[in-house]
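Chain and residue survey
The chain contents come next:
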Amino acid sequence: MTVKKEPVKPYGLKLFQESLNRMKLEEFRNFFFDLDGTIWRWDETVDGAQDMLKTLRDAEKNVYFHTDNTLLSRKGYARRLEKKGIQATEEEIITSGYVTAEILSDREILKVYAVGEQGLTEELTETGIKITEDADHAVLGLDRKINYQKMEKLRKRISEGHKLFNCSSENLFRRENSKLHQGAIAESLSQFGDVKLTGKPSEAYRKVFKNYFSYFPGKSLFVGDRLADIETGNRLGMKTAAVLTGDITEKKINQADEDAVPDYALTSLDKVRRRIP
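First things first, this report covers the structure right here in the doc. Computed from a predicted model, the values in this text were never measured in an experiment. (Residues numbered from 1 in each chain as written. Predicted model: local features only at pLDDT ≥ 70, side-chain atom pairs only at ≥ 80, totals over all residues. Heavy atoms only, no water.)

**What about the environment of Glu250?**
Just so we agree on the cut-off: Labels follow the DSSP assignment, with helices taken as runs of H or I lasting at least four residues and strands as runs of E lasting at least two, numbered in each case from the N terminus. Summary of the burial criterion: residues with accessible area below 20% of their type's maximum are buried, those above 50% are exposed, and those between are partly exposed, where the area comes from a 1.4 Å probe applied to protein chains only.
Along the chain, Glu250 turns up in helix H10 (residues 250-254). Assessed through its relative accessible area of 32%, Glu250 is described here as partly exposed. Considered as a pair, Glu250 and Ala265 are 15 residues apart in the sequence and their alpha carbons are 9.1 Å apart.

Laid out in structure tokens, this is it:
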């Protein structure tokens, strides 16, 4: 059951400040940050993100990361964050690639046809799932070299009644020059058969998330730049904060379903840093 939230819309500059004033960071013990569009735009870190994360850790807060981008594994993201000067361990990161691997393992699906890059294949194989053309079910992650042949192999499987596990509903891979993400590809394939979302905000994702992290929802803040992030955090029972550095805009928040209405809206992560006690 989703807790009914008091809408904080329509938005304007005054209400952004009021939203920030209501945020009592001392009440939160755990902070869950999305990566793409929130902490970085892949190549560049968002202004204020590094200082804010360091300040949170210095204040002995728990910092975690979540992403639907399967280009890297949890280990890969930990290395990438460290290279950007952001402290992180594999255990503090969850990816939709890992979530998908856990879902497949739980269903005893031990081999799949996978379209994706290194991060996805690492998470699948480390869970004991074989990647092979000789498989009924398929997994779709972000693949920057996707082509007609790969899409046809996916279409054929779901047309025959098998499942396609889609790691993300996101349509744009946000970087300095945004690229096509897998959400639009999965949507085009859905007309041919069963496409199951395993990324945010799906129930499957939330189930694995709750088993992966140890946290108390009432002491946790879930931060992201998409309505899918906000809905995920809301359904997990946390407070949620939308940052306007990625996909979310004032208009999207104004038009959002109740499940995707954030508790707070932030124009800058640096404003969060300045309020950390």
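**Focus on the layout of surface pockets**
Cut-off, in case you're wondering: In this analysis a 1.4 Å probe is tested at points of a 1 Å grid over the protein atoms alone, and where it fits but cannot get out there is a cavity; an open set with protein on both sides within 12 Å along at least five of seven lines is a pocket; lining residues have an atom within 4 Å of a point. Grid points are joined across faces, edges and corners, and a volume is the space filled by probe spheres set on the points. Put simply, Ala, Val, Leu, Ile, Met, Phe, Trp, Tyr, Cys and Pro go in the nonpolar bin, Asp, Glu, Lys and Arg in the charged bin, and everything else, Gly too, in the polar bin.
In this structure, the largest pocket spans a volume of roughly 240 Å³. Along the walls of the largest pocket sit Tyr98, Glu102, Ile103, Asp106, Arg107, Lys196, Ala204, Lys207, Val208, Asn211 and Tyr212, which together make up its complete lining. Breaking the lining of the largest pocket down by element, the ones donating at least two residues are helix H4 (96-106) and helix H8 (203-212). Element by element, the count of residues in the lining of the largest pocket is highest for H8, at five residues. Here the lining of the largest pocket is composed, by residue class, of five nonpolar, one polar and five charged.

**What about the sheet that holds strand S5 (residues 130-131)?**
We count it as follows: Pairing between two strands requires that DSSP report at least two bridges joining them.
Strands sit in the order S5-S4-S6-S7-S10 across an open sheet of five strands; the sheet is parallel. Looking at which strands have only one partner, the edges of the open sheet turn out to be S5 and strand S10 (195-197). Sheet analysis places strand S7 (residues 164-166) next to S10, joined by three bridges and oriented parallel. Looking across to S10, one finds that Asn166 is bridged to Leu197.

**Quick word on the side chain of Ser220**
The condition is simple: Polar contacts here mean pairs of N or O atoms no more than 3.5 Å apart (in protein, one a potential hydrogen donor and the other a potential acceptor; neighbouring residues in sequence count only if both atoms are side-chain atoms).
Along the polypeptide, Ser220 turns up in strand S11 (residues 220-224). A distance of 3.2 Å separates the side chain of Ser220 from the side chain of Asn30, its partner in a polar contact.

**Describing the nonpolar core**
To keep things clear, this is the line we draw: Nine residue types can take part in a nonpolar core, namely buried Ala, Val, Leu, Ile, Met, Phe, Trp, Tyr and Cys, and a core is a set of them joined through side-chain atoms within 4.5 Å. In this description, contact between two residues means that some pair of their heavy atoms is separated by no more than 4.5 Å.
In this structure, Phe33, Ile39, Leu53, Phe65, Leu81 and Leu221 are the most contacted members of the largest nonpolar core, which totals 32 residues. Residue assignment for this core shows that the elements contributing at least two residues are strand S1 (30-34), helix H2 (49-58), strand S2 (62-67), helix H3 (74-83), S11, strand S12 (239-243), strand S13 (264-266) and helix H11 (269-273). Of all the elements, H2 adds the most residues to this core, at four residues. Leave out the neighbours within four places in its chain, and Leu53 touches Phe33, Ile39, Val63, Phe65 and Ile86. Val99, Val112, Ala114 and Leu124 belong to the second largest nonpolar core, which has 26 residues in total.

**Quick look at the pairing of S1**
Put simply, the test is: By convention, a crossover is right-handed whenever its connection, traced from the first strand over the helix to the second and viewed with the strands pointing away, goes clockwise.
The element S1 is extensively covered by neighbouring structure, given that five of its five residues are classed as buried. Burial along S1 is two-sided: Asn30, Phe32 and Asp34 and Phe31 and Phe33, pointing in opposite directions, are all buried. In this structure, S1 lies alongside S2, joined through five bridges in parallel fashion. By the bridge assignment for S2, Phe31 is matched with Val63. After leaving S1, the chain enters H2 and then returns to the sheet as S2, a path that is right-handed. Pairing of S1 with S11 involves four bridges; the strand directions are parallel. What sits directly across from Asn30, in S11, is Ser220.

**A few points about the packing of H4 against helix H5 (residues 118-126)**
Operational definition: Every axis in this analysis is a line fitted to C-alpha atoms, fitted for helices over the stretch in contact. Angles between the N-to-C directions lie between 0 and 180 degrees. Roughly parallel covers angles under 35 degrees, roughly antiparallel covers those over 145, roughly perpendicular covers 65 to 115, and oblique covers all other angles. The handedness criterion is simple: a crossing whose near helix is rotated anticlockwise from the far helix by less than a right angle is left-handed, and one whose near helix is rotated clockwise is right-handed.
In contact at an axis separation of 8 Å, H4 and H5 are set at 30° when each is read in the N-to-C sense. Between H4 and H5, the crossing angle belongs to the class labelled roughly parallel. As H4 packs across H5, the resulting crossing turns out to be right-handed. In this structure, H4 contributes Gly97, Tyr98, Ala101 and Leu104 to the contact, and H5 contributes Leu120, Glu123 and Leu124. Within the contact of H4 with H5, the residues separate by chemical class into five nonpolar, one polar and one charged.

**Some thoughts on the pattern of salt bridges**
The cut-off we apply is this: A pair is scored as a salt bridge if a Lys or Arg side-chain nitrogen falls within 4 Å of a carboxyl oxygen belonging to Asp or Glu.
Scanning the model with the defined rule gives 19 salt bridges in all. With a closest N to O distance of 3.6 Å, Glu90 and Arg74 form a salt bridge. Of this pair, Glu90 sits in the loop between H3 and strand S3 (93-95) while Arg74 sits in helix H3, and the two are 16 residues apart along the sequence. Across this residue pair, the class does not change: Glu90 and Arg74 are buried. When the shortest N-O distance is used, the salt bridge between Asp229 and Lys200 registers 2.8 Å. Linking Asp229 in helix H9 (residues 227-235) with Lys200 in the loop between S10 and H8, this pair joins segments that are 29 residues apart in sequence. Take Asp229: its relative accessible area is 0%, and that puts it in the buried class. When its relative accessible area of 1% is taken as the criterion, Lys200 is described as buried. Linked through salt bridges whose partners overlap, the residues forming this network are Asp34, Lys200 and Asp229.

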